[in-house]
Amino acid sequence: MAAVQGGLVDAVEKKDIKTEPSEDSGGNNNANDGRLLSPPPGSSASAPGGNKTPAGAPEDQQTLLAVLQFLKKNNLAESVEILRREAGLPEDALDLKAGDSSGAGSGGAGDTVNLEGEDASSLLSRVTVSSSAAAQAPTKVAPSEDQPDVNVVLSAYSQQGDPALYGVYYSGLKRFIESVLDCHRAELSQVFYPLFVHMYLELVYNNHENEAKVFFEKFSGDQECYYEDDLRVLSSLTKKEHMRGNETLLDFRTSKFVLRISRDSYQLLKRHLQERQNNQIWNIIQEHLYIDIFDGMPRSKSQIDAMSGSLAGEAKREANKAKVYYGLLKEPEIELPLDDEDEEAENEEGKPKKKKPKKDSMGSKSKKQDPNAPSQTRIPLPELKDSDKLDKIMYMKEATKRIRLGPDNLPSICFYSFLNAYQGLTAVDFTDDSSLIAGGFADSTVRVWSVTPKRLRKVKSAADLNLIDKESDDVLERIMDEKTASESKILYGHSGPVYGISFSPDRNYLLSCSEDGTIRLWSLQTFTCLVGYKGHNYPVWDTQFSPHGYYFISGGHDRVARLWATDHYQPLRMFSGHLADITATRFHPNSNYVVTGSSDRTIRLWDVLTGNCVRIFTGHKGPIHALAFSPNGKFLASGATDGRVLLWDIGHGLMIGELKGHTDTIYSLKFSRDGEILASGSMDNTVRLWDAMKAFDDLETDDFTAATGHIHLQDNSQELLLGTYMSKSTPVVHLHFTRRNLLLAAGAYNP
């Protein structure tokens, strides 16, 4: 039994020695730095005892000694001997260790192996905690059955230093960072926030309520303004019990906070902590922070501010390296029929001739396969039905009459105001051909209106359909029941507010998602609910159909986005990675990718085929509520509660622009059909038009920028702003460009 027990600890120990340096070296893109990162400062002093052993880095040696002492204490002499020989330690190593710790039992500076005055077993538990959650599960979690994962996550807070010194440690580091050169100060200041949070949580977890309160009051004012909301949540956690079920806290504990720091700044910080033997801070940096080191000039304050603000820090550079096929799929070749005879009989030969070249100019773009486009068969897409082909022909005809927009030729805007919307308008959508408009309401209904003179009709009942001559040419017209014709229809079915709606591209279906956790698919032929998709356990905030139909995406409070197909009850893919609610979802124009925006203030791009996250964008300072892809698929625009529109280059994975002007949450973004203009709608009751082409053309994404992820954003919002249009008192909930580039806006009048 003794040997087995010893062997188990031995295995855990070896695992720890192997994994730690490799994890660190990965984090710092440099094996050498990885080795330097692993020893805590101060423990390098454990050599003076004269035992210069080949056991690797000082921390490894310290850990080994702790394990050996633990085994010895439990009378596992055989295991002690085997492990000592394997590690190449001298026979007197344990006696030296024992002498050391007894000499410094009172917590004096002589105790080099454990500065915090821990005994061997607590040191061993720290080793096992850091090595892996799997190793600690059997030992820590047994007593509590209700929330084992929470206990595992929080257990790392149980080893702590003197609570009175936390403030001293923190202010010491603060003084040091304020005294360094300006070029390093901005980068090193990034460390303040994650350190502050973890030190506060450690104090709370170990029941030092008063010290935690003093620490919070003293240093919370130093944090960046964009962390205000997080700090408000944090200030409510004043007792250990509060930490049990808190999701925000669990996220913060389990995901490493990512900081991007230049090598020079990092070396400065490391040297300072080693000189001060500041173990408490060093342990937090090692355990909870991921420092992404790059070579080159340190970043400026403005560059750092542009990218920071998310719950888990910035994105690692590796996260945005994967290849993304952002090009468009080749359009199916559809010949325009010569159906203009009825309209202009006398011009029978002339008309098609004029039309042909226009059609070719449209099709010529998509005939050549875009090198950045995915293959047509990368994901299965629905085949085109005859009705889809007819719709494509209509689309091409409309496109020939499209107005070319630009700075000198702005679109007209038609605003649909919902008057007396006492039910509470929560979502709006238009069909692609702008013939129908739908609204989702807080009273759990969905309402559909016809925008054209054509009224909405249901299909006849089954008994009446049997009487119809199925061979007649106008059978599609005959199946509709004229008696049911009306300008609007109300769809009942949800049991909570409706938060998102989306029309299918063929206008046969409508999706709606609700607080009741379901997504419903409605038929626009019968105006009834066809399917209720149940997968989310909490409110679903947004849903959207794929541009090719069939697939749709949903995201909600459970922080997982789901990809569905209309004919499957279960989701096809689940995209998990966000640390807070998913508040916005969109499909890429080629349907191979979906993008999600979240309350964790990050945007993630997911590959539909593999389910992998291929891009993480950070920079917003509030939850993201609006997303829009440019028509060519290369760029993404995002809007959030911080009132800023950010522009992203999907191929390079970089932020390329910031449009400032709105004073409230941005709820809607839309590119014009030709991609020339970006329209943004906000709760500040305005629609703003931006010169998208100029924003993208001014770009210079050289290799250096792409490699380091630095981008120097020009503050040229005013040059790019083409116009601001106020509504009387109507927040803008949705924007839509018609096929001819007329801009439609919608919102509920707020008297």
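Up top is the structure these notes are about.
So, a few notes on the structure that sits alongside this text. (Residues numbered from 1 in each chain as written. Predicted model: local features only at pLDDT ≥ 70, side-chain atom pairs only at ≥ 80, totals over all residues. Heavy atoms only, no water.)

## Quick look at the overall build of the protein
Scanning the protein for helices and strands turns up 24 helices and 31 strands. Counting only residues that meet the buried cut, the protein has 54% of its 751 residues in that class. Total accessible area on the protein stands at roughly 33900 Å², and carbon and sulfur atoms take up 52% of it. (Helix = DSSP H or I, 4+ residues; strand = E, 2+ residues; numbered from the N terminus. Buried < 20%, exposed > 50% of the residue type's maximum accessible area, 1.4 Å probe, protein only. Areas by Shrake-Rupley, 256 points an atom, 1.4 Å probe, with all protein chains shown as cover.)

## Here's the deal with the environment of Leu-605
Relative to the elements of secondary structure, Leu-605 occurs in strand β20 (residues 602-607). Its relative accessible area of 2% is what places Leu-605 among the buried residues. Separated by 11 residues in sequence, Leu-605 and Val-594 place their C-alpha atoms 5.8 Å apart. Excluding anything up to four places from it in sequence, Leu-605 contacts Val-324, Tyr-593, Val-594, Val-595, Asn-612, Cys-613, Val-614, Arg-615, Phe-629 and Ile-650. (Contact = heavy atoms within 4.5 Å.)

## Focus on the sheet that holds strand β12 (residues 518-523)
Taken together, 4 strands build an open sheet; the order of strands is β10-β11-β12-β13 and the sheet is antiparallel. Only two strands of the sheet have a single partner each, and these edge strands are β10 (498-503) and β13 (529-534). The mean inter-strand angle of the sheet, taken between neighbouring strand axes irrespective of direction, is 20°. In this structure, strand β11 (residues 509-514) lies alongside β12, joined through 5 bridges in antiparallel fashion. Among the inter-strand pairings, Leu-511 is bridged to a residue of β12, identified as Leu-521. (Pairing = 2+ DSSP bridges. Axes fitted to C-alpha atoms, helices over the stretch in contact; angles between N-to-C directions.)

## What to know about the sheet that holds strand β31 (residues 743-748)
Strands pair in a sheet through their backbones, by hydrogen bonds, and they do so in one of two ways: parallel or antiparallel. Within the open sheet, the 3 strands sit side by side as β3-β31-β30. Their pairing is mixed. If you trace the sheet from one side to the other, it starts and ends with β3 (413-418) and β30 (734-737), each paired once. Pairs of neighbouring strands in the sheet enclose a mean axial angle of 20°, with direction left out of account. Bridge count between β3 and β31: 6 bridges; the pairing is parallel. Among the inter-strand pairings, Tyr-416 is bridged to a residue of β31, identified as Ala-746.

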